[in-house]
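Structural features, examined
For reference, the chains in residue letters:
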Amino acid sequence: MLKSIYNWIDERLDVTPIWRDVADHEVPEHVNPAHHFSAFVYCFGGLTFFITVIQILSGMFLVFYYVPDIVNAYNSVDYLQHKVAFGVIVRGMHHWGASLVIVMMFLHTLRVFFTGSYKNPREMNWVVGMLIFFVMLGLGFTGYLLPWDNKAYFATQVGLQIADSVPFIGEYIKTFLQGGSIVGAQTLTRFFALHVFFLPAVLLGLLGAHFIMIRRQGISGPL
Amino acid sequence: MSEHKDHRVQQPTRANGGKREMTRRQFLGYTLGGTTAFLAAGPVLPMLRFAVDPLLQPASDSDWVRVVEESEITDEPKSFTFVVKQIDGWYESEPTLEAWIARGEDGKIFALNPTCKHLGCTVNWNSNPRFPNQYYCPCHDAHYTKEGKNLAVSPLPLDQYEVKIEGGFVYLGSLGPNQLVD
């Protein structure tokens, strides 16, 4: 049944070469943990992507209940976590995944650094990877405010003070992020917009570039 | 880009006295597919259950609300408003609802909800000279009798509140389908 549906589409659109191109490629021996167990360090990039997918999915589901408004934000988070079935699991995935994605990304960066994989011809991919790192930190920073509890409020207060300390443009960065002169209603909607629309869009673009480059250039050779 | 190997799927052979045998590739395909599906179900099922939670909530019964003194009710329907407690997810409010209350031919008090059963506009008693002594909906000319029977446009009669008389006051309960007309 599925097979015949697939064949019907494939006859018309010739989709097989497209997914073969994406999914069907050699895994060199030196990066395959089945050959050398220590090659598990090559899994961190994939794990980062896997957790990113979980973050995107769980985030999409959280927005079924969340509202970015200073009166209702905390109550809606409280409601979705304690009253909605599996709320504690869905929010838990997003909460713990947020930390884990940073950890995995850091380990991936270390692996790339110590295997020297950033060197010619892969310098551009290193730079894109660094941009992904900063976008991820931005996602973590903006997402932290959204529950609108004390921890969120004061973490943002501190984060914006740090932004303020940038020479010359710090004040402008702070006002832009804060949306006014205090951390308040306008800050919350700004952070929400950045967290669910702008930063994920940038992230997906950068991830696309990251993956296209690694497929073009291949995985770096053994040490 | 990597070269593509030829993954031609072998047809299962009919060895072992006609018993269908599985190829290695099929076995691996099923095993890996099944494991992947099982692992994916871990995060996906909680998220789906989370999203469909409103579908699985039991309908809540409303409390009795005191609306008006019994002596104020006449044969002619009159509009009365009353306040109910409403819990909408994380938002609690006290919206004002409206009921048209009258005595029937048997003298029993009944209360109708003025939400038109056609598309949900609000009906009024005796508001259109073309339909005297009827409930009339300004949106699409739906009209109803005093008991809420649908005369035109609307597919159903007006909904009815449960009514309780206690200590000379009229109490209204939960809203349900009209029991006065067939």
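Residues numbered from 1 in each chain as written. Chains lettered and ligands numbered in written order. Predicted model: local features only at pLDDT ≥ 70, side-chain atom pairs only at ≥ 80, totals over all residues. Heavy atoms only, no water.

**A closer look at the overall build of chain B**
The helix and strand tally for chain B stands at 2 helices and 12 strands. The order of helices and strands in chain B, counted from the N terminus, is α-α-β-β-β-β-β-β-β-β-β-β-β-β. Taken across its 182 residues, chain B has 31% of its residues classed as buried. Looking at chain B alone, contacts between residues at least 24 apart form 41% of all its contacts between residues at least 6 apart. Accessible surface for chain B amounts to roughly 12,100 Å². Of this, 53% is attributable to carbon and sulfur atoms. (Helix = DSSP H or I, 4+ residues; strand = E, 2+ residues; numbered from the N terminus. Buried < 20%, exposed > 50% of the residue type's maximum accessible area, 1.4 Å probe, protein only. Contact = heavy atoms within 4.5 Å. Areas by Shrake-Rupley, 256 points an atom, 1.4 Å probe, with all protein chains shown as cover.)

**A short note on the sheet that holds strand E7 (residues 124-125) of chain B**
Spatial ordering of the open sheet is given by E7-E8-E9-E10 (chain B), a layout of 4 strands whose pairing is antiparallel. Two strands bound the open sheet, and with one partner strand each, they are E7 and strand E10 (150-152) of chain B. (Pairing = 2+ DSSP bridges.)

**Examining the sheet that holds strand E2 (residues 78-83) of chain B**
Residues and elements named next belong to chain B. The strand order across the open sheet built from 6 strands is E1-E12-E11-E6-E5-E2, with neighbouring strands paired in antiparallel fashion. Of all strands in the sheet, those bounded by a partner on one side alone are strand E1 (65-69) and E2. Neighbour-to-neighbour, the strand axes of this sheet turn through a mean angle of 35 degrees, independent of strand direction. Bridge analysis of E1 against strand E12 (residues 169-176) gives 4 bridges, and the strand direction is antiparallel. When the bridges of E12 are listed, Glu-69 appears paired with Phe-169. (Axes fitted to C-alpha atoms, helices over the stretch in contact; angles between N-to-C directions.)

**Here's the deal with the interface of chain A and chain B**
Residue-level contacts link 27 residues of chain A with 18 residues of chain B. The contact between chain A and chain B buries some 2,200 Å² in all, and 69% of this surface belongs to carbon and sulfur atoms. The interface formed by chain A and chain B includes 0 salt bridges. Put simply, chain A and chain B have 2 residue pairs in polar contact (both at pLDDT 80 or more) between them. (Buried area = accessible area lost by both parts, 1.4 Å probe. Salt bridge = Lys/Arg side-chain N within 4 Å of Asp/Glu carboxyl O. Polar contact = N/O pair within 3.5 Å; in protein donor to acceptor, adjacent residues only side chain to side chain.)

**Overview of a nonpolar patch on the surface**
Residues and elements named next belong to chain A. Together, Met-1, Leu-2, Ile-5, Trp-8, Ile-9 and Leu-13 give the surface a local cluster of nonpolar side chains, amounting to about 730 Å² of exposed area. Examined against the element boundaries, Met-1 turns out to sit in the segment before helix H1 (2-13). The class for Met-1 is exposed, based on a relative accessible area of 76%. (Patch = residues over 30% accessible without salt bridge, like charges linked within 9 Å, V, L, I, M, F, W, Y side chains within 5 Å.)

**With respect to the packing of helix H6 (residues 123-145) of chain A against helix H9 (residues 185-217) of chain A**
Residues and elements named next belong to chain A. Packing of H6 against H9 leaves a shortest axis separation of 9 Å and a crossing angle of 160 degrees. Comparing the axis directions of H6 and H9 gives the class roughly antiparallel. Viewed along their axes, H6 and H9 form a crossing whose handedness is left-handed. Of the residues assigned to the contact of H6 with H9, the class counts are 21 nonpolar, 9 polar and no charged. (Parallel < 35°, antiparallel > 145°, perpendicular 65-115°, else oblique. Left-handed = near helix turned anticlockwise from the far one by under 90°. Nonpolar A, V, L, I, M, F, W, Y, C, P; charged D, E, K, R; others polar.)

**Concerning the packing of aromatic side chains**
In the structure shown here, the tally under the stated rule is 19 aromatic pairs over all chains. Seen from their ring centres, A:Phe37 and A:Phe40 are 5.4 Å apart, and the 40 degrees between their planes marks the pair as tilted. With relative accessibility at 65%, the residue A:Phe37 sits in the exposed group. In this structure A:Phe40 comes out as partly exposed when scored by relative accessible area, which is 38%. The rings of A:Tyr65, A:Tyr79, B:Phe50 and B:Trp90 are connected pair by pair, giving a single aromatic cluster. Here the basic side chain of B:Lys164 rests over the ring of B:Tyr171, its NZ or CZ set 5.4 Å away from the ring centre. (Phe/Tyr/Trp six-rings, centres within 6.5 Å; stacked < 30°, edge-to-face > 60°. Lys NZ or Arg CZ within 6 Å of the ring centre and 35° of its normal.)

**Some points on the side chain of A:Ser117**
All names here are of chain A. With respect to the element layout, Ser-117 can be found in the loop between helix H5 (87-114) and H6. By relative accessible area, Ser-117 is classed as buried at 8%. Side-chain polar atoms of Ser-117 contact the side chain of Thr-115, separated by 2.6 Å. Within polar-contact distance, the side chain of Ser-117 engages the side chain of Ser-220 at 2.9 Å.

**Regarding the state of the cysteines**
Residue and element names in this part refer to chain B. Inspection of every chain in the model, using the stated rule, returns 1 disulfide over all chains. In this model Cys-121 forms its disulfide with Cys-139; the gap between the sulfur atoms is 2.1 Å. Between Cys-121 and Cys-139, the S-S torsion sits near -100 degrees, and that sign places the bridge as left-handed. Pair noted here: Cys-121 is in the loop between strand E6 (109-112) and E7 and Cys-139 is in the loop between strand E8 (135-136) and strand E9 (143-144), with a separation of 18 residues, a long-range link. Residue Cys-139 is classed as partly exposed on the basis of its relative accessible area of 40%. Take Cys-116: it sits in no disulfide, and the sulfur closest to it among the cysteines is that of Cys-137, at 3.8 Å. By relative accessible area, Cys-116 is classed as buried at 4%. (Disulfide = S-S within 2.5 Å.)

**Looking at the layout of surface pockets**
All names here are of chain A. Reported here for the largest pocket is a volume of approximately 1,400 Å³. For the largest pocket, the lining is made up of 41 residues, of which His-210, Phe-211, Ile-214, Arg-215 and Ile-219 are closest to its centre. Residue assignment for the lining of the largest pocket shows that the elements contributing at least two residues are helix H2 (16-23), helix H3 (44-62), H5, H6 and H9. Broken down by element, the lining of the largest pocket gets its largest block of residues, 8 residues, from H9. (1 Å grid on protein atoms, 1.4 Å probe; cavity = no way out; pocket = protein on both sides within 12 Å on 5 of 7 lines; lining within 4 Å. Points joined across faces, edges and corners; volume = space filled by probe spheres on them.)

**Section: the domain arrangement of chain B**
For chain B, the assigned domains read domain 1 (17-56) and domain 2 (65-176). Averaged C-alpha coordinates put domain 1 of chain B and domain 2 of chain B at centres separated by 53 Å. (Domains from an automatic or database assignment.)

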